[in-house]
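Fold and contact review
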Amino acid sequence: MRLATWNVNSVRARLDRVLAWIDRSDVDVVALQETKCKDEQFPEQAFLDLGYEVAHHGLSQWNGVALVSRVGLEDVSTRFSTDVPQFGEPAVTEARAIGATCGGVRVWSLYVPNGRGLEDPHYVYKLAWLQALRSAGAGWLAQDPQAQVALVGDFNVAPTDDDVWDVDFFAGATHVSEPERAEFRSLVDAGFADVVRPYAPGPGTYTYWDYTQLRFPKRQGMRIDFVLGSPALAGRVTGATIDREERKGKGASDHAPVVVELAPNA
DNA sequence: ATGACCTGTACGACAGGA
(Lines give C-alpha, C1' and ligand atoms only; values in the text may rest on other atoms or scores of the structure.)
Protein backbone atom coordinates (compact mmCIF):
# COMPACT_ATOMS: atom_id res chain seq x y z
CA MET A 1 0.00 0.00 0.00
CA ARG A 2 1.21 3.49 -0.82
CA LEU A 3 0.25 6.24 1.62
CA ALA A 4 0.90 9.94 0.96
CA THR A 5 0.48 13.26 2.72
CA TRP A 6 0.47 16.63 1.01
CA ASN A 7 -0.32 20.17 2.04
CA VAL A 8 -1.83 21.36 -1.24
CA ASN A 9 -2.40 25.01 -0.25
CA SER A 10 -5.88 25.12 -1.85
CA VAL A 11 -7.35 22.11 -3.60
CA ARG A 12 -9.41 24.23 -5.99
CA ALA A 13 -6.59 26.54 -7.13
CA ARG A 14 -4.49 23.58 -8.29
CA LEU A 15 -7.01 20.79 -8.78
CA ASP A 16 -5.45 19.74 -12.09
CA ARG A 17 -2.00 19.38 -10.52
CA VAL A 18 -3.39 17.48 -7.53
CA LEU A 19 -5.31 15.05 -9.71
CA ALA A 20 -2.41 14.57 -12.11
CA TRP A 21 -0.02 13.84 -9.25
CA ILE A 22 -2.36 11.31 -7.66
CA ASP A 23 -3.02 9.67 -11.01
CA ARG A 24 0.66 9.16 -11.87
CA SER A 25 1.90 8.38 -8.34
CA ASP A 26 0.05 5.12 -7.84
CA VAL A 27 -0.96 6.10 -4.31
CA ASP A 28 -3.71 4.26 -2.46
CA VAL A 29 -4.37 6.78 0.28
CA VAL A 30 -3.63 10.52 0.21
CA ALA A 31 -4.03 12.85 3.16
CA LEU A 32 -4.50 16.46 2.09
CA GLN A 33 -4.08 19.59 4.19
CA GLU A 34 -5.00 23.22 3.59
CA THR A 35 -7.76 22.47 1.13
CA LYS A 36 -9.01 26.00 1.88
CA CYS A 37 -12.68 25.35 1.23
CA LYS A 38 -15.93 24.34 2.83
CA ASP A 39 -17.24 20.81 2.35
CA GLU A 40 -19.77 21.90 -0.27
CA GLN A 41 -16.97 23.56 -2.28
CA PHE A 42 -14.71 20.48 -2.36
CA PRO A 43 -14.39 19.09 -5.92
CA GLU A 44 -15.36 15.58 -4.89
CA GLN A 45 -16.54 14.34 -8.29
CA ALA A 46 -13.09 14.81 -9.84
CA PHE A 47 -11.62 12.41 -7.28
CA LEU A 48 -14.47 9.93 -7.72
CA ASP A 49 -13.79 9.97 -11.46
CA LEU A 50 -10.20 8.92 -10.71
CA GLY A 51 -11.48 5.99 -8.68
CA TYR A 52 -11.00 7.40 -5.18
CA GLU A 53 -13.39 8.00 -2.32
CA VAL A 54 -13.10 11.27 -0.42
CA ALA A 55 -13.81 12.47 3.10
CA HIS A 56 -13.36 16.20 3.61
CA HIS A 57 -13.59 18.48 6.62
CA GLY A 58 -13.67 22.18 5.85
CA LEU A 59 -15.51 24.96 7.65
CA SER A 60 -14.28 28.13 5.90
CA GLN A 61 -11.62 29.39 3.49
CA TRP A 62 -8.99 28.55 6.10
CA ASN A 63 -7.46 25.18 6.97
CA GLY A 64 -9.43 22.19 5.66
CA VAL A 65 -8.25 18.56 5.60
CA ALA A 66 -9.21 15.54 3.53
CA LEU A 67 -8.59 11.83 3.03
CA VAL A 68 -8.59 10.34 -0.46
CA SER A 69 -8.59 6.57 -0.74
CA ARG A 70 -9.01 3.74 -3.22
CA VAL A 71 -8.72 1.04 -0.53
CA GLY A 72 -11.74 1.94 1.58
CA LEU A 73 -12.68 4.91 3.74
CA GLU A 74 -14.54 3.93 6.88
CA ASP A 75 -15.42 5.33 10.30
CA VAL A 76 -14.67 8.93 9.45
CA SER A 77 -14.04 11.25 12.39
CA THR A 78 -13.23 14.96 12.43
CA ARG A 79 -11.84 15.09 15.95
CA PHE A 80 -9.14 12.94 17.53
CA SER A 81 -10.42 13.56 21.03
CA THR A 82 -13.34 15.12 22.83
CA ASP A 83 -11.18 18.02 23.97
CA VAL A 84 -9.37 19.34 20.92
CA PRO A 85 -8.29 22.90 21.78
CA GLN A 86 -10.28 25.75 20.31
CA PHE A 87 -9.01 29.10 19.09
CA GLY A 88 -10.27 32.66 18.88
CA GLU A 89 -12.91 34.85 20.38
CA PRO A 90 -15.45 33.42 20.39
CA ALA A 91 -13.60 30.11 20.64
CA VAL A 92 -14.13 27.82 17.65
CA THR A 93 -12.91 24.38 16.67
CA GLU A 94 -11.04 24.62 13.38
CA ALA A 95 -10.95 22.09 10.54
CA ARG A 96 -7.50 20.64 11.22
CA ALA A 97 -8.03 16.90 11.56
CA ILE A 98 -9.86 14.10 9.80
CA GLY A 99 -9.38 10.41 10.44
CA ALA A 100 -10.61 7.27 8.73
CA THR A 101 -9.74 3.61 8.38
CA CYS A 102 -8.29 2.96 4.93
CA GLY A 103 -7.06 -0.47 3.95
CA GLY A 104 -6.80 -1.49 7.59
CA VAL A 105 -4.83 1.58 8.67
CA ARG A 106 -6.24 4.32 10.88
CA VAL A 107 -5.06 7.39 8.99
CA TRP A 108 -5.25 10.93 10.39
CA SER A 109 -4.75 13.91 8.09
CA LEU A 110 -3.51 16.68 10.36
CA TYR A 111 -2.86 20.38 9.94
CA VAL A 112 -1.16 21.59 13.11
CA PRO A 113 -1.72 25.28 13.93
CA ASN A 114 1.03 27.60 12.70
CA GLY A 115 1.63 29.43 15.95
CA ARG A 116 2.28 32.75 14.15
CA GLY A 117 4.70 34.07 16.81
CA LEU A 118 6.17 33.03 20.13
CA GLU A 119 4.12 35.69 21.95
CA ASP A 120 0.94 35.07 19.98
CA PRO A 121 -2.12 33.32 21.45
CA HIS A 122 -1.93 31.09 18.39
CA TYR A 123 1.35 29.68 19.73
CA VAL A 124 -0.30 28.63 22.99
CA TYR A 125 -3.04 27.05 20.91
CA LYS A 126 -0.46 25.21 18.81
CA LEU A 127 1.25 23.68 21.84
CA ALA A 128 -2.08 22.67 23.40
CA TRP A 129 -3.21 21.14 20.11
CA LEU A 130 -0.04 19.04 19.85
CA GLN A 131 -0.40 17.95 23.46
CA ALA A 132 -3.99 16.87 22.87
CA LEU A 133 -2.88 14.90 19.81
CA ARG A 134 -0.16 13.16 21.79
CA SER A 135 -2.57 12.34 24.58
CA ALA A 136 -5.09 10.87 22.13
CA GLY A 137 -2.43 8.90 20.29
CA ALA A 138 -0.94 7.50 23.47
CA GLY A 139 -4.43 6.42 24.49
CA TRP A 140 -4.99 4.50 21.26
CA LEU A 141 -1.75 2.59 21.67
CA ALA A 142 -2.47 1.88 25.33
CA GLN A 143 -5.77 0.36 24.26
CA ASP A 144 -4.23 -1.61 21.39
CA PRO A 145 -0.43 -1.80 21.13
CA GLN A 146 -0.83 -3.49 17.73
CA ALA A 147 -2.96 -0.70 16.28
CA GLN A 148 -2.03 0.39 12.78
CA VAL A 149 -2.11 4.17 13.06
CA ALA A 150 -0.61 6.82 10.80
CA LEU A 151 -0.49 10.42 12.01
CA VAL A 152 0.34 12.34 8.86
CA GLY A 153 0.32 15.90 7.68
CA ASP A 154 1.76 19.35 8.14
CA PHE A 155 3.05 19.49 11.71
CA ASN A 156 4.45 23.01 11.39
CA VAL A 157 7.44 21.95 13.48
CA ALA A 158 11.02 21.45 12.31
CA PRO A 159 12.16 18.86 14.88
CA THR A 160 15.93 19.44 14.64
CA ASP A 161 18.32 22.07 13.39
CA ASP A 162 18.99 19.87 10.35
CA ASP A 163 15.36 20.41 9.35
CA VAL A 164 15.76 24.08 8.42
CA TRP A 165 18.07 25.65 5.86
CA ASP A 166 19.46 28.19 8.34
CA VAL A 167 18.97 27.99 12.10
CA ASP A 168 19.92 31.62 12.56
CA PHE A 169 17.28 32.75 10.08
CA PHE A 170 14.58 31.17 12.27
CA ALA A 171 15.92 32.41 15.61
CA GLY A 172 13.02 33.61 17.72
CA ALA A 173 10.44 32.25 15.29
CA THR A 174 7.91 29.48 15.54
CA HIS A 175 8.55 25.97 14.12
CA VAL A 176 11.96 25.66 15.75
CA SER A 177 11.30 26.66 19.37
CA GLU A 178 12.17 24.17 22.10
CA PRO A 179 8.58 23.79 23.41
CA GLU A 180 7.35 22.87 19.91
CA ARG A 181 10.19 20.45 19.41
CA ALA A 182 9.50 18.94 22.84
CA GLU A 183 5.87 18.33 21.86
CA PHE A 184 6.99 16.69 18.63
CA ARG A 185 9.45 14.47 20.50
CA SER A 186 6.80 13.44 23.00
CA LEU A 187 4.61 12.34 20.11
CA VAL A 188 7.48 10.20 18.85
CA ASP A 189 8.17 8.95 22.38
CA ALA A 190 4.50 7.98 22.67
CA GLY A 191 5.17 5.45 19.91
CA PHE A 192 4.76 7.33 16.63
CA ALA A 193 7.97 7.05 14.65
CA ASP A 194 9.07 9.27 11.80
CA VAL A 195 9.04 6.53 9.18
CA VAL A 196 10.30 8.74 6.34
CA ARG A 197 13.59 9.90 7.81
CA PRO A 198 15.47 6.60 7.35
CA TYR A 199 14.76 6.84 3.62
CA ALA A 200 15.24 10.63 3.33
CA PRO A 201 18.27 11.52 5.47
CA GLY A 202 19.45 15.05 6.07
CA PRO A 203 20.65 17.64 6.39
CA GLY A 204 19.23 19.56 3.46
CA THR A 205 16.14 17.37 3.04
CA TYR A 206 12.96 19.43 3.17
CA THR A 207 9.23 19.24 2.46
CA TYR A 208 8.42 22.94 2.32
CA TRP A 209 9.98 25.93 0.58
CA ASP A 210 8.64 29.47 0.89
CA TYR A 211 7.34 30.97 -2.34
CA THR A 212 9.46 34.09 -1.79
CA GLN A 213 13.19 34.76 -2.20
CA LEU A 214 13.86 31.86 -4.60
CA ARG A 215 13.82 29.53 -1.62
CA PHE A 216 13.14 26.42 -3.69
CA PRO A 217 15.84 26.72 -6.36
CA LYS A 218 18.24 27.79 -3.62
CA ARG A 219 17.25 24.67 -1.70
CA GLN A 220 16.34 26.74 1.35
CA GLY A 221 13.46 24.85 2.94
CA MET A 222 12.05 23.24 6.04
CA ARG A 223 11.12 19.66 6.90
CA ILE A 224 7.72 20.06 8.55
CA ASP A 225 5.52 17.42 6.86
CA PHE A 226 5.64 13.96 8.38
CA VAL A 227 4.31 10.43 8.40
CA LEU A 228 4.39 9.21 11.99
CA GLY A 229 3.60 5.51 12.33
CA SER A 230 2.57 3.38 15.28
CA PRO A 231 4.91 0.42 15.96
CA ALA A 232 2.77 -2.00 13.95
CA LEU A 233 2.61 0.40 11.03
CA ALA A 234 6.27 1.42 11.18
CA GLY A 235 7.21 -2.24 10.93
CA ARG A 236 5.59 -2.41 7.50
CA VAL A 237 7.42 0.51 5.92
CA THR A 238 9.70 -0.53 3.06
CA GLY A 239 10.43 2.88 1.56
CA ALA A 240 9.61 6.56 1.53
CA THR A 241 10.14 9.56 -0.73
CA ILE A 242 9.69 13.31 -0.65
CA ASP A 243 8.54 14.21 -4.16
CA ARG A 244 10.32 17.51 -4.61
CA GLU A 245 9.70 17.33 -8.37
CA GLU A 246 6.11 18.32 -7.61
CA ARG A 247 7.35 21.57 -6.02
CA LYS A 248 8.68 22.66 -9.41
CA GLY A 249 7.00 24.79 -12.01
CA LYS A 250 4.03 27.08 -12.26
CA GLY A 251 1.12 26.49 -9.94
CA ALA A 252 2.95 24.28 -7.43
CA SER A 253 2.02 24.08 -3.77
CA ASP A 254 4.73 25.36 -1.45
CA HIS A 255 4.82 21.86 0.10
CA ALA A 256 5.97 18.64 -1.58
CA PRO A 257 4.06 15.36 -1.28
CA VAL A 258 5.53 12.74 1.06
CA VAL A 259 4.97 9.09 0.11
CA VAL A 260 5.41 5.93 2.19
CA GLU A 261 5.44 2.36 0.88
CA LEU A 262 3.93 -0.29 3.16
CA ALA A 263 4.40 -4.04 2.90
CA PRO A 264 1.20 -6.11 2.91
CA ASN A 265 -0.18 -6.61 6.39
CA ALA A 266 1.16 -9.87 7.86
C1' DA B 1 18.11 24.29 -14.30
C1' DT B 2 14.41 24.27 -9.80
C1' DG B 3 13.53 30.89 -10.84
C1' DA B 4 12.38 36.11 -8.23
C1' DC B 5 4.95 34.98 -3.17
C1' DC B 6 0.20 32.75 -3.10
C1' DT B 7 -4.94 32.05 -1.95
C1' DG B 8 -9.68 33.42 -0.71
C1' DT B 9 -12.72 37.08 -0.32
C1' DA B 10 -14.42 40.42 -2.92
C1' DC B 11 -13.25 44.09 -6.35
C1' DG B 12 -9.34 46.85 -2.83
C1' DA B 13 -6.81 45.54 0.25
C1' DC B 14 -6.15 42.21 3.87
C1' DA B 15 -5.80 37.84 6.72
C1' DG B 16 -3.03 33.96 6.95
C1' DG B 17 0.70 31.36 5.75
C1' DA B 18 6.01 29.81 7.92
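Throughout, a residue's number is its position along its own chain's written sequence, starting from 1. Written order determines the labels here, with chains lettered from A and ligands numbered from 1. At least 70 in pLDDT is required for a residue's local features to be given in this predicted model, at least 80 for side-chain atom pairs to be given and counted, and no such filter applies to totals for whole chains, interfaces and linings, which use all residues. Each side-chain value is worked out from all heavy atoms of the structure, with water and hydrogens disregarded.

- In the nomenclature of an unreviewed UniProt entry, chain A is known as Exodeoxyribonuclease III of Kineococcus halophytocola.
- UniProt positions are given in the numbering used here, feature names are shortened, and annotations may be inferred rather than shown by experiment. In the Sequence similarities (unreviewed entry) part of its UniProt record, chain A is described as follows: "Belongs to the DNA repair enzymes AP/ExoA family."
- In UniProt, chain A has this text filed under Cofactor (unreviewed entry): "Mg(2+)".

Remarks on the overall build of chain A
- Of the regular secondary structure elements, chain A holds five helices and twelve strands.
- As a reference, a globule follows 2.2 Å times the number of residues to the power 0.38, and the radius of gyration itself is taken over C-alpha atoms. What you see for chain A is a C-alpha radius of gyration of 17 Å, in line with the 18 Å of a compact globule of 266 residues.
- For chain A, the spread of C-alpha atoms along the principal axes amounts to about 45 × 45 × 40 Å.
- Only protein chains enter the area calculation, which uses a 1.4 Å probe; residues under 20% of their type maximum are buried, those over 50% are exposed, and those in between are partly exposed. When each of the 266 residues of chain A is scored for burial, the buried share is 57%.
- Whether two residues touch is decided by their heavy atoms; if any such pair falls within 4.5 Å, the residues are in contact. Of all intrachain contacts in chain A linking residues separated by at least 6 positions in sequence, the fraction that spans at least 24 positions is 72%.
- Method for areas: the Shrake-Rupley scheme with a 1.4 Å probe, in which residue coverage is limited to the protein chains shown. Counting every atom, chain A has about 11,300 Å² of accessible surface; 50% of that belongs to carbon and sulfur. Strands are runs of DSSP state E lasting at least 2 residues, helices are runs of H or I lasting at least 4, and numbering of each runs from the N terminus.

Observations concerning the nonpolar core
- One finds L67, V107, V152, V196, V227 and V260 to be the most contacted residues of the largest nonpolar core, which totals 31 residues.
- The residues contacting L67, other than those within four sequence positions of it, are V30, A31, E53, V54, A55, L73, I98, G99, A100, V107 and S109.
- Side-chain atoms within 4.5 Å link the members of a nonpolar core, which is a set of buried Ala, Val, Leu, Ile, Met, Phe, Trp, Tyr and Cys residues. By size, the runner-up hydrophobic cluster in this structure holds 24 residues, among which are L133, L151, F155 and F192.

Observations regarding helix α1 (residues 15-25)
- Within the sequence span of α1, burial applies to L15, V18, L19, W21, I22 and S25. The buried residues of α1 occupy one face: seen down the axis, they fall within an arc of 160 degrees. Those residues of α1 that are exposed and angled more than 90 degrees off the buried face are D16, D23 and R24.
- Each element contacted by the buried residues of α1 is listed here: β1 (2-7), β2 (29-33), α2 (44-50) and β12 (258-262).
- Backbone geometry just downstream of α1 places D26 in the positive-phi region, at approximately 55 degrees. By definition, the arc is the one covered by directions from the helix axis to the C-beta atoms.

Description of helix α3 (residues 121-143)
- Look at α3: 33 Å from first C-alpha to last across 23 residues, which is about the 33 Å you get at 1.5 Å a residue.
- Where α3 is buried, its residues contact β6 (97-102), β7 (105-111), α4 (178-189) and α5 (231-234).
- Two N or O atoms count as a polar contact when they lie within 3.5 Å, although within protein this holds only if one can serve as hydrogen donor and the other as acceptor, and sequence-adjacent residues are included solely when both atoms are side-chain atoms. Two to three positions downstream of the cap, the backbone nitrogen of H122 sits 2.8 Å from a side-chain oxygen, assigning the N-cap of α3 to D120. The span expected for a helix works out to 1.5 Å for each residue beyond the first.

Here we look at the sheet that holds strand β9 (residues 193-194)
- Here, a strand pair is defined by DSSP locating no fewer than two bridges between the strands. Spatially, six strands are ordered β5-β6-β7-β8-β10-β9 in an open sheet, and the strand pairing comes out mixed. Of all strands in the sheet, those bounded by a partner on one side alone are β5 (74-77) and β9.
- Docked against the sheet, α3 engages β6, β7 and β8 (149-154), running at close to 175 degrees with respect to β7. Helix axes use the C-alpha atoms of the stretch in contact, all axes being lines fitted to C-alpha atoms, and the angles between their N-to-C directions lie in the range 0 to 180 degrees.

Here's the deal with the protein's contact with DNA strand B
- Proximity is defined per residue: if any heavy atom of the residue lies within 4 Å of a molecule or strand, that residue is considered near it. In the vicinity of DNA strand B, 32 residues are found, and the nearest of them are S10, R116, H175, P217 and G249.
- Here the atoms of DNA strand B within 4 Å of the protein split so that 77% fall in sugar or phosphate, with bases taking the remainder.
- Within the side chain of N156, an N or O atom sits 3.2 Å from a phosphate oxygen of DNA strand B.
- Here a sugar or linking oxygen of DNA strand B and a side-chain polar atom of H175 are 3.0 Å apart.

Describing the layout of surface pockets
- The calculated volume of the largest pocket comes to roughly 680 Å³.
- Whether a set of points on the 1 Å grid over the protein atoms alone is a cavity depends on a 1.4 Å probe fitting there but being unable to get out, while an open set qualifies as a pocket with protein on both sides within 12 Å along at least five of seven lines; lining residues are those with an atom within 4 Å of a point. Around the largest pocket sit 32 residues that line it, and E34, Y111, N114, N156 and H175 are the ones nearest its centre.
- Throughout this entry, Asp, Glu, Lys and Arg are counted as charged residues, while Ala, Val, Leu, Ile, Met, Phe, Trp, Tyr, Cys and Pro are counted as nonpolar. The remaining residues, Gly among them, count as polar. Across the lining of the largest pocket, the residue classes break down as eleven nonpolar, twelve polar and nine charged. Grid points are joined across faces, edges and corners, and a volume is the space filled by probe spheres set on the points.

A look at unusual backbone geometry
- For the peptide bond that leads from E89 to P90, omega is 0 degrees, which places it in the cis range.
- Mapped onto the secondary structure, P90 falls in the loop between β5 and β6.
- Omega for the bond connecting G202 with P203 falls within 30 degrees of zero, at 0 degrees, which places this linkage in the cis form.
- Mapped onto the elements, P203 comes out in the loop between β9 and β10 (225-229).
- Even without a glycine there, the phi angle at N63 is positive, about 60 degrees.
- Looking at the element boundaries, N63 is found in the loop between β3 (53-57) and β4 (65-69).

Regarding empty space enclosed by the protein
- Applying the stated criterion to the full structure yields one cavity of 30 Å³ or more.
- Roughly 40 Å³ of internal volume is contained in the largest cavity.
- Around the largest cavity, the lining residues are T78, R79, F80, V84, T93, E94, R96, A97 and W129.

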